[in-house]
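Listed below are the residues making up each chain.
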Amino acid sequence: MREAIRRVLIVGAGHSGGAHALALRELGFVGSITLVGHEAHAPYERPSLSKGILQGEERPLPLAEPWRWAEAFDLRLSTLATAIDRVAREVTLCDGRRLPYDALVLATGGRPRSLSVPCAAAVHRLSTLDEARELRGRMVGARSVIVIGGGVIGLEVAASLRAAGLSTTVLEAGPRLLGRNVPPDAAEWIAALHAQEGVAIRTGVAIRAVEGDEGGVTVRLEGGEVLEADLAVLGIGILPRTELAEAAGLPCRDGVLVDAGYASIDDPHVFAIGDVASREGVGRQETWFHAGGSARAAARALLGLPPEPADVPWFWSDQFGRTLRVAGAPMTADTVVPRGAAFSLHLRYGRIVGAAGLDSPRDFAIARRLIAAEARLDAGRAAEPGTDLRKAVAA
Amino acid sequence: MESQGWENQAGTWRRVVDAAEILEDEPLAVEADGRKIALYRVDGDVHATDNVCTHAYALLSDGLLEGCQIECPLHNARFDVRTGRALSSPAERDLRTYPVRVVDGGVEILLPG
Ligand SMILES: Cc1cc2nc3c(=O)[nH]c(=O)nc-3n(C[C@H](O)[C@H](O)[C@H](O)COP(=O)(O)OP(=O)(O)OC[C@H]3O[C@@H](n4cnc5c(N)ncnc54)[C@H](O)[C@@H]3O)c2cc1C
Ligand code: FES
C-alpha cells in the first residue's frame, strides 16, 4: 500500500485541474484539495472562447456550480505558483506563501506560441476568457481581420468573426489547413465551407513581420506583399507550460512525461494532466476530451483505484454552424473510405484506426466504438451512407 | 419517474407521433407545447425525455442509443432514457422524463400543466 494521501495540491485551475478536483470528490476522497489558478475565474470549459463568447454569449460553461468550489475545495484564484520543492513537498506561490502537498497535480495547460518574426503587441491571442472578451470588445466597429494560423482555433475564430460580418483572411504557413491533426479530406471540407462563407484562405504564406497598434495592423509577407486589417489574431498552436516542472527536475519532453496513470515517470508524488501532460508512447493531446479524461484517470491512479478502459481520443470543432469531429489516428491510415460527401473512415491493414465527419454525429459515435474494437471493415458496405455502420464490420 | 403510475399525475396527454415511426436504434425528435422531446424505443417500449442535454446544448435525438442508454452527440454524456438519470460526465443533472402510453397506434405523452 502506498502512504496515505491527505493533501492534494493542483496547480492550474483550468478545465483539467477543475475536473480533477471534482473527480477526486466523486471517487470519495475526503482529504484537502487546494487549487491554485492564475486566472481570476473559477474553472471553466475553454471551447466557447473561440465560438460562443465571440458570438455574444456572456460566459463559458463552468466546470461546476460556483458554490461547490467554496463548499468542498480550497480554490485560490489570481494566484501564480512559482516553484516546486520536491524534497520538502511544497509549492511556493507568487505571494511567497508555501503550500505542502502529499500529491501534486500539474494542470498548467499551454501558452500560445509566438511568431518567430517581429509581431506587434496589438495582435490578439485567445487562450483565456479575458483575452476572448477583449477581442469581443474590439470587434465592435472593426470591419476586417487577419487570422494568422489555419489550425482549429484560427479557423474557429475566422468563422466567428466572419459570421459577425468582418471581412476575414486566414494566413497559414503550411501547404494546407489543419495539417497537424485533421486528415486531408476533412481539411478540404472545411476549406470549402470557409470559401462558401466568403473567408479568404491563403496557404503556404511566409510572414516577415506584423506591425501596428490598436488602430490597425499591417502584415508584411516574404516577397513584399502587404496586407492590412483592423484586427489581427494569432493562433499557431500552444507550447506546454512546463517551466515549473523543468525547474524542479521533472523529466519533460514536449510536456511533463507521465505514465498511463498520469504520474511523473520520475516522482510518484507528482502528476500531470491535460494539455501539459505527455504520456509515454502516446504524446500530448490538446483536447476537451483529454482534459477531462486525463483528470479522471489521474484521480483514480492517485487514489489507488484500478484504471478504467481507455476511450478513443477525439475532438470536435464548430465552424459556421457545422461540427467537424475527428477520432482515433486517421493520419496513420493506408486507406480512406469516403461515406457520403463529408464523412470518412480511415483504415490501416483493413482495420479502422480513425474517422472524420462534418455533422453525422451518430455515424461518428459508432465509428468511435469500432475504432476502440479495432474492427475490420468491409470497405464497400462502409461506403454506403444508408447502411448502418455496425453492419459494415467484416466477418 | 416510470411510465407506470401516470394515472395519478396532473397534465394533458398529447398524441405526438404514430408508434410505428419510432424504431429501435433510432431516437426521434418531436415538439409538443413548445417543448423539445426525444422518443426512444427500448425492447419494444417507448420512452420520452427532454431532447436537450443537461450539460451544454445538443439534441439527444442526434445521439447513439445503445440498449437503454442515450449518448449525447456533443460531449458523450450518457443518460438512462427510462429514468433520465445522468450516468457519466460531463452531465451532472438528470434529464426530465415524460410518461408515455400508446393508444390506437399513437404515442401519447403526458405533459405537465
Ligand atoms: C479557444 C479554445 C478553443 C478550444 N476549443 C476546443 C474544441 O472545440 N474542442 C476540443 O476538443 N478542445 C478545444 N480546446 C482545447 C481544450 O480547451 C484544452 O485542451 C483544455 O482547456 C486543456 O485543459 P488544461 O486544464 O490542460 O489547460 P487549461 O484549460 O488551459 O488550464 C490551464 C490553467 O492553468 C493556469 N496556470 C498555468 N500555469 C500556472 C501557474 N504556474 N500557477 C497557477 N496557475 C497556472 C492557467 O492560467 C490556466 O487557467 C480549445 C482551447 C482553446 C484555447
Ligand atoms: S451537451 Fe451533452 S454532454 Fe455536453
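As shown above, the structure is provided for reference.
Scope of this entry: the structure provided in the associated data block. (Residues numbered from 1 in each chain as written. Chains lettered and ligands numbered in written order. Predicted model: local features only at pLDDT ≥ 70, side-chain atom pairs only at ≥ 80, totals over all residues. Heavy atoms only, no water.)

**As for the pairing of strand S13 (residues 216-221) of chain A**
Residue and element names in this part refer to chain A.
Step number 1: For S13, the buried fraction is high: five of the six residues fall into the buried class.
Step number 2: Bridge analysis of strand S12 (residues 207-213) against S13 gives six bridges, and the strand direction is antiparallel. Within the sheet, the bridge partner assigned to Glu211 lies in S13 and is Thr218.
Step number 3: Pairing geometry for S13 and strand S14 (residues 226-229), over four bridges, is antiparallel. When the sheet's bridge partners are listed, Val219 is paired in S14 with Leu227.
Step number 4: Hairpin connection of S13 to S14: four residues between the antiparallel strands, including Gly223 at a positive phi of 100 degrees. (Buried < 20%, exposed > 50% of the residue type's maximum accessible area, 1.4 Å probe, protein only. Helix = DSSP H or I, 4+ residues; strand = E, 2+ residues; numbered from the N terminus. Pairing = 2+ DSSP bridges.)

**Side note on the interface of chain B and chain A**
Step number 1: At the junction of the two partners, chain B supplies 19 residues and chain A supplies 16 residues.
Step number 2: Summing the contributions of chain B and of chain A, the shared interface buries around 1,500 Å²; its carbon and sulfur component is 44%.
Step number 3: It is Leu64(B), His75(B) and Glu92(B) that lose the most area in chain B upon contact with chain A, and together they represent 30% of the buried surface on that side.
Step number 4: The interface formed by chain B and chain A includes five salt bridges.
Step number 5: Between Arg369(A) and Glu71(B) there is a salt bridge, with its nearest N and O atoms 2.8 Å apart.
Step number 6: At the boundary of chain B with chain A, the tally comes to 10 residue pairs in polar contact (both at pLDDT 80 or more).
Step number 7: When residues of the side of chain B that touches chain A are assigned to their parent elements, the largest contribution, three residues, is made by strand S5 (residues 64-66) of chain B.
Step number 8: Residues of the side of chain B that touches chain A, tallied by class, amount to seven nonpolar, six polar and six charged. (Contact = heavy atoms within 4.5 Å. Buried area = accessible area lost by both parts, 1.4 Å probe. Salt bridge = Lys/Arg side-chain N within 4 Å of Asp/Glu carboxyl O. Polar contact = N/O pair within 3.5 Å; in protein donor to acceptor, adjacent residues only side chain to side chain. Nonpolar A, V, L, I, M, F, W, Y, C, P; charged D, E, K, R; others polar.)

**Focus: helix H8 (residues 361-372) of chain A**
Step number 1: Between its first and last C-alpha atoms H8(A) spans 17 Å; for 12 residues at 1.5 Å apiece the expected length is 16 Å, and the two agree.
Step number 2: Every buried residue of H8(A) is listed here: Pro361(A), Arg362(A), Asp363(A), Phe364(A), Ala365(A), Ile366(A), Ala367(A), Arg368(A), Leu370(A) and Ile371(A).
Step number 3: Lining the buried residues of H8(A) we find strand S21 (314-319), strand S22 (322-328), strand S24 (343-348) and strand S25 (351-358) of chain A together with S5 and strand S6 (69-71) of chain B.
Step number 4: Where H8(A) ends, the next residue or the one after it, Glu374(A), has phi of about 50 degrees, a positive value. (Expected span 1.5 Å × (residues − 1).)

**With respect to the packing of helix H1 (residues 15-26) of chain A against helix H7 (residues 288-302) of chain A**
All names here are of chain A.
Step number 1: One way to put it is that H1 packs onto H7 with a least axis distance of 8 Å and a crossing angle of 40 degrees. One element, H1, and the other, H7, form an angle in the oblique class. Here the hand of the crossing between H1 and H7 comes out right-handed. Facing His15, Ser16, Ala19, His20, Ala23 and Leu24 of H1, the residues of H7 in contact are Trp288, Ala291, Gly292, Ser294, Ala295, Arg296, Ala298, Ala299 and Leu302. (Axes fitted to C-alpha atoms, helices over the stretch in contact; angles between N-to-C directions. Parallel < 35°, antiparallel > 145°, perpendicular 65-115°, else oblique. Left-handed = near helix turned anticlockwise from the far one by under 90°.)

**Here we look at the pattern of salt bridges**
Residues and elements named next belong to chain A.
Step number 1: One pass over the full model with this rule turns up 31 salt bridges over all chains.
Step number 2: Arg284 is the partner of Glu286 in a salt bridge, and the nearest nitrogen-oxygen pair spans 2.8 Å.
Step number 3: Arg284 gets classed as buried once you look at its relative accessible area, which sits at 18%.
Step number 4: One connected set of salt bridges, linked through shared partners, spans Arg180, Asp254, Arg284 and Glu286.

**What to know about helix H3 (residues 129-139) of chain A**
All names here are of chain A.
Step number 1: Of all the positions in H3, only Leu129, Ala132, Leu135 and Met139 are classed as buried. Along H3, the residues classed as buried sweep out an arc of 125 degrees about the axis, all on the same side.
Step number 2: Packed against the buried residues of H3 are helix H4 (152-163) and strand S15 (231-234).
Step number 3: Among the residues trailing H3, Gly141 stands out with phi positive, at a value near 85 degrees. (Arc of directions from axis to C-beta.)

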